[in-house]
Amino acid sequence: MKYYLIVGEASGDLHASHLMSALKTADPQADFRFFGGDLMAAVGGKMVKHYKELAYMGVIPVLLHLPTIFANMKRCKEDIVAWSPDVVILVDYPGFNLDIAKFVHAKTKIPVYYYISPKIWAWKEWRVKSIRRYVDRLYSILPFEVSFYAKHDYTVEYVGNPTVDELAVRPYADESFEDFTAECGLGKKPIIALLAGSRVAEIDHNLPLMIEAAKTFHDYQLVIAGAPGISPDQYAPYLQDRSVKVVWGKTYRLLQQSRVALVTSGTATLETALLRVPQVV
């Protein structure tokens, strides 16, 4: 089968990559084309756009990049029609994906599946109308979403949370604090982890406040979890203070060695909780 997947951020790239691997196991002839990221590309298939080119948030950044956003939507719609997949799989990212779902439903006969529901129970509950109209099947990773959608006369399937599985098989689960800090060139003080988000706007808005709040704890070292797809230059201004450092590609390892974490709300809050690290969200 031909699968067209669309994600808009780092967590979606991670979850979609595991979904793709599972699909390849069930369907060895699986052919993937996607708007996604490096982890999905490592599984295989053709990446049309990297999610870094899609990830705008906040009113002003969205307005400033409207031509780019509309161009990406147009490219995605045209590409789906031209490739004619057997199914379109959307992963979270509702602002973009629900528009794509509407188009696919109206202009093609391709079924639309949604993996990882938008958090419409938290905000913009009216989006349930679009989901009911344009999404053929929705797969939920939070059990209470089943009853939430049932109230709106829409049936969803709970498939378990991929973060639980990802953490269960993570490498370095038994790593010592000494081994981790030695490899990363960190000091011996206890760690406060700073997870400022996976988008440029989130980092710009949240990281300065996180550092300001945490730097008063002089007996701790502050360590930023570098987000995938974000340039090191984005963090450079915050590293001028020698008490702040950044590590890349080691978020789970950093969290499990931290005494506490400051976390931007999102998938990272669940990851931090599952690792039993106290956090401020």
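Rules behind the numbers
- Residues numbered from 1 in each chain as written.
- Predicted model: local features only at pLDDT ≥ 70, side-chain atom pairs only at ≥ 80, totals over all residues.
- Heavy atoms only, no water.
- Helix = DSSP H or I, 4+ residues; strand = E, 2+ residues; numbered from the N terminus.
- Rg over C-alpha atoms; globule rule 2.2 N^0.38 Å.
- Buried < 20%, exposed > 50% of the residue type's maximum accessible area, 1.4 Å probe, protein only.
- Areas by Shrake-Rupley, 256 points an atom, 1.4 Å probe, with all protein chains shown as cover.
- Lys, Arg positive; Asp, Glu negative; His and termini not counted.
- Charge placed at Lys NZ, Arg CZ, Asp CG, Glu CD.
- Polar contact = N/O pair within 3.5 Å; in protein donor to acceptor, adjacent residues only side chain to side chain.
- Contact = heavy atoms within 4.5 Å.
- Expected span 1.5 Å × (residues − 1).
- Salt bridge = Lys/Arg side-chain N within 4 Å of Asp/Glu carboxyl O.
- Core = buried A, V, L, I, M, F, W, Y, C linked by side-chain atoms within 4.5 Å.
- Phe/Tyr/Trp six-rings, centres within 6.5 Å; stacked < 30°, edge-to-face > 60°.
- Lys NZ or Arg CZ within 6 Å of the ring centre and 35° of its normal.

1. Some details on the overall build of the protein chain
Working step 1: Helix and strand content of the protein chain: 13 helices and 12 strands.
Working step 2: The C-alpha radius of gyration of the protein chain comes to 20 Å, within 12% of the 19 Å expected for a compact globule of 281 residues.
Working step 3: Summarising its shape, the C-alpha atoms of the protein chain cover approximately 60 × 40 × 40 Å along the three principal directions.
Working step 4: By the burial criterion, 49% of the 281 residues in the protein chain qualify as buried.
Working step 5: Roughly 14200 Å² of accessible area belongs to the protein chain as shown, and the carbon and sulfur atoms make up 56% of that amount.
Working step 6: Averaging the coordinates of the 31 positive side-chain charges in the protein chain and doing the same for the 30 negative ones gives two points 5 Å apart.

2. Details of the side chain of Thr 272
Working step 1: Note that Thr 272 resides in helix H13 (residues 267-274).
Working step 2: On the accessibility criterion, Thr 272 (0% relative accessible area) is buried.
Working step 3: In this structure the side chain of Thr 272 is engaged in a polar contact, spanning 2.7 Å, whose partner is the backbone oxygen of Ala 268.
Working step 4: Not counting chain neighbours up to four residues away, the residues in contact with Thr 272 comprise Leu 195, Leu 255, Ala 261, Val 263, Val 277 and Gln 279.

3. Brief notes about helix H1 (residues 10-26)
Working step 1: Compared with an ideal rise of 1.5 Å per residue, which puts 17 residues at 24 Å, H1 spans 25 Å between its outermost C-alpha atoms and is within 8% of the ideal.
Working step 2: When we look at burial in H1, the residues that qualify are Ala 10, Ser 11, Gly 12, Asp 13, His 15, Ala 16, Ser 17, Leu 19, Met 20 and Leu 23.

4. Some thoughts on the pattern of salt bridges
Working step 1: Taken as a whole and assessed by the stated rule, the structure comprises 9 salt bridges.
Working step 2: Where Lys 74 meets Glu 78, a salt bridge forms, and the shortest distance between an N and an O atom there is 2.6 Å. One end of the pair, Lys 74, and the other, Glu 78, are both in helix H4 (residues 66-83), 4 residues apart, so they sit about a helical turn from each other.
Working step 3: Through salt bridges with shared partners, one network takes in Glu 175, Glu 183 and Arg 253.

5. Thoughts on the nonpolar core
Working step 1: Ranked by internal contacts, the top residues of the largest apolar core, which has 32 residues, are Tyr 4, Ile 6, Ile 80, Phe 96 and Tyr 149.
Working step 2: If one sorts the elements of this core by residue count, helix H5 (residues 94-107) sits on top with 6 residues.
Working step 3: When residues no more than four places from it in sequence are discounted, the contact partners of Tyr 149 are Ser 117, Pro 118, Ile 120, Val 128, Ile 131, Leu 138, Tyr 154 and Val 156.
Working step 4: Judged by nonpolar contacts, the second largest core, of 20 residues, contains Tyr 3, Leu 19, Ile 116 and Leu 142.

6. Looking at the packing of aromatic side chains
Working step 1: Counted by the stated rule, this structure contains 10 aromatic pairs.
Working step 2: A centroid spacing of 5.2 Å and a plane angle of 85 degrees characterise the contact between Phe 148 and Tyr 149, whose relative ring orientation is edge-to-face.
Working step 3: Judged by centre distance (5.8 Å) and plane angle (55 degrees), the ring pair of Tyr 149 and Tyr 154 falls under tilted. The exposure classification of Tyr 149 matches that of Tyr 154, with both residues buried.
Working step 4: Clustering of aromatic rings is evident, with ring pairs tying together Phe 35, Tyr 93 and Phe 96.
Working step 5: The aromatic ring of Trp 83 is capped on one face by Lys 2, whose charged end is 4.7 Å from the ring centroid.
Working step 6: In this structure, Arg 137 packs its charged tip against the face of Tyr 113, placed 5.9 Å from the ring centre.

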